[in-house]
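# Fold and contact review
Listed below are the residues making up each chain.
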Amino acid sequence: MLKLFIAASLMLAPVAAPIAATAATPRDMLTQAVFAARDKTTALAQIAGAEASANATLARTPGDADALLTRAMAIGYRAKLTRSRHDALDARAQFEAMVAKNPRDPEAQAALGGWHIDAVAALGGFTARGVLGARKAVGYTATDRAVALGGNRALFTGLAALLRLSLDPDDARGAALANAAVGGTAPTLLDRLMQRRAGEMVTALKGGDRRAVQALAVRLLPLGQIRD
């Protein structure tokens with residue numbers, strides 16, 4: 001859930017406008033939902049729209065990699081908002097299938113890693129493993145692969161940083177990844193968005209307040225701006 005995949009005071013208003021203005025593809029619609037929607041009802045409606053659009057693309061072009069990933073992420077994000085075990089397991093199965101088909105796809109690796117880490121963050125390690133089969137170590141391995149495969153892109157380093165710091169504000173690798181994201185390449189809107197968020201994390205880390213670091217990491221992850 002590129003929770004995964006997993007912000008309130010993060011200047012979302014300036015970010016939301018260009019996303020909304022250009023939203024056309026299923027991925028655009030999903031980006032709008034998880035980074036700009038302000039309440040659960042709106043987010044769920046937008047996620048449903050992204051999933052329907054991805055399904056329409058797949059009906060025309062079976063096997064379209066971007067549509068497959070978008071559909072799986074939409075299901076995973078819906079699971080996060082509704083706490084649906086069925087949807088969560090469905091999303092994981094789809095991520096695993098994509099990773100098995102193309103282990104060198106950094107987006108699939110990031111999505112799978114985010115799913116595991118987000119589940120652990122939401123439920124705790126013991127419950128997440130027992131209920132969903134989620135494991136922190138699997139999540140870290142997958143996100144590390146995404147970082148390695150993605151080169152210097154801020155999307156992958158920034159996401160991995162936020163995921164790690166959302167679990168452990170003292171995670172040294174998470175801090176290093178945040179710094180790497182700030183200096184990384186940002187060829188897409190998502191890269192630029194994640195790069196800005198990594199910059200906020202670097203500033204928070206310098207402040208030395210562990211609780212503030214962890215709370216900010218949670219808020220900066222996808223859907224983190226939505227409070228229950």
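The structure this text deals with has already been given above.
Description of the structure in this document. Just so it is clear, the model here is predicted, and its values are computed rather than measured. (Residues numbered from 1 in each chain as written. Predicted model: local features only at pLDDT ≥ 70, side-chain atom pairs only at ≥ 80, totals over all residues. Heavy atoms only, no water.)

## As for unusual backbone geometry
The phi angle at Arg83 is positive, at roughly 60 degrees, despite the residue not being glycine. Among the secondary structure elements, Arg83 is positioned in the loop between helix H4 (65-82) and helix H5 (85-101). Despite not being glycine, Leu223 shows a phi value in the positive range, around 70 degrees. The residue Leu223 is located in the segment after helix H12 (210-220) in this model. (Helix = DSSP H or I, 4+ residues; strand = E, 2+ residues; numbered from the N terminus.)

## Considerations on the environment of Arg211
Inspection of the secondary structure puts Arg211 in helix H12. Considering only alpha carbons, one finds Arg211 and Pro169, 42 residues apart in sequence, at a separation of 7.4 Å.

## Considering the pattern of salt bridges
For the structure on display, the rule yields 11 salt bridges. A salt bridge links Arg27 to Asp66, with the nearest nitrogen and oxygen atoms 2.6 Å apart. Linking Arg27 in helix H2 (residues 26-36) with Asp66 in helix H4, this pair joins segments that are 39 residues apart in sequence. Its relative accessible area of 12% is what places Arg27 among the buried residues. (Salt bridge = Lys/Arg side-chain N within 4 Å of Asp/Glu carboxyl O. Buried < 20%, exposed > 50% of the residue type's maximum accessible area, 1.4 Å probe, protein only.)

## What to know about helix H9 (residues 154-167)
For H9, spanning 14 residues, the distance from its first C-alpha to its last is 20 Å, which sits close to the expected 20 Å at 1.5 Å a residue. Burial of H9 is extensive: 13 of the 14 residues sit out of reach of the surface. (Expected span 1.5 Å × (residues − 1).)

## Here we look at the packing of helix H6 (residues 106-123) against helix H7 (residues 125-132)
The interhelical angle for the contact between H6 and H7, taken along N-to-C directions, is 120 degrees, at an axis separation of 7 Å. When the axis of H6 is compared with that of H7, the two are oblique. Crossing geometry of H6 relative to H7 is assigned as right-handed. Counting all contacts with H6, which are made through Trp115, Ala119, Val120 and Leu123, the residues of H7 involved are Gly125, Thr127, Ala128 and Leu132. By residue class, the composition of the contact of H6 with H7 is six nonpolar, two polar and no charged. (Axes fitted to C-alpha atoms, helices over the stretch in contact; angles between N-to-C directions. Parallel < 35°, antiparallel > 145°, perpendicular 65-115°, else oblique. Left-handed = near helix turned anticlockwise from the far one by under 90°. Contact = heavy atoms within 4.5 Å. Nonpolar A, V, L, I, M, F, W, Y, C, P; charged D, E, K, R; others polar.)

## Quick notes on the side chain of Ser166
Note on placement: Ser166 falls in helix H9. The class for Ser166 is buried, based on a relative accessible area of 7%.

## Quick word on the environment of Leu165
Looking at the element boundaries, Leu165 is found in helix H9. For Leu165, a relative accessible area of 0% corresponds to the buried category. Expressed as a C-alpha distance, the spacing of Leu165 and Val218, which sit 53 residues apart in the sequence, is 8.1 Å. Setting aside its immediate chain neighbours within four residues, Leu165 contacts Asp171, Gly174, Ala175, Met201, Leu205, Val213, Gln214 and Ala217.

## Quick look at the environment of Thr57
Of note, Thr57 is situated in helix H3 (residues 40-60). Considering only alpha carbons, one finds Thr57 and Leu68, 11 residues apart in sequence, at a separation of 9.1 Å. Contacts of Thr57, omitting those with residues within four sequence positions, involve Pro26, Asp64 and Ala67.

## Section: the packing of H5 against H6
One can describe the packing of H5 onto H6 by two numbers: an axis separation of 9 Å at closest approach and a directional angle of 150 degrees. As H5 runs across H6, the sense of the crossing is left-handed. For the pair H5 and H6, contact is made by Ala88, Ala91, Arg92, Phe95, Glu96, Met98 and Val99 and by Ala108, Gln109, Ala111, Leu112, Trp115 and His116, respectively.

## Observations regarding H6
Taking 1.5 Å of rise per residue, 18 residues should cover 26 Å, and H6 covers 26 Å from first to last C-alpha, within 8% of that figure. You can read the cap of H6 off the contacts: a side-chain oxygen lies 3.0 Å from the backbone nitrogen of Glu107, and it is on Asp105. Trailing H6 by a residue or two, Gly124 shows a phi angle of about 90 degrees, which is positive. (Polar contact = N/O pair within 3.5 Å; in protein donor to acceptor, adjacent residues only side chain to side chain.)

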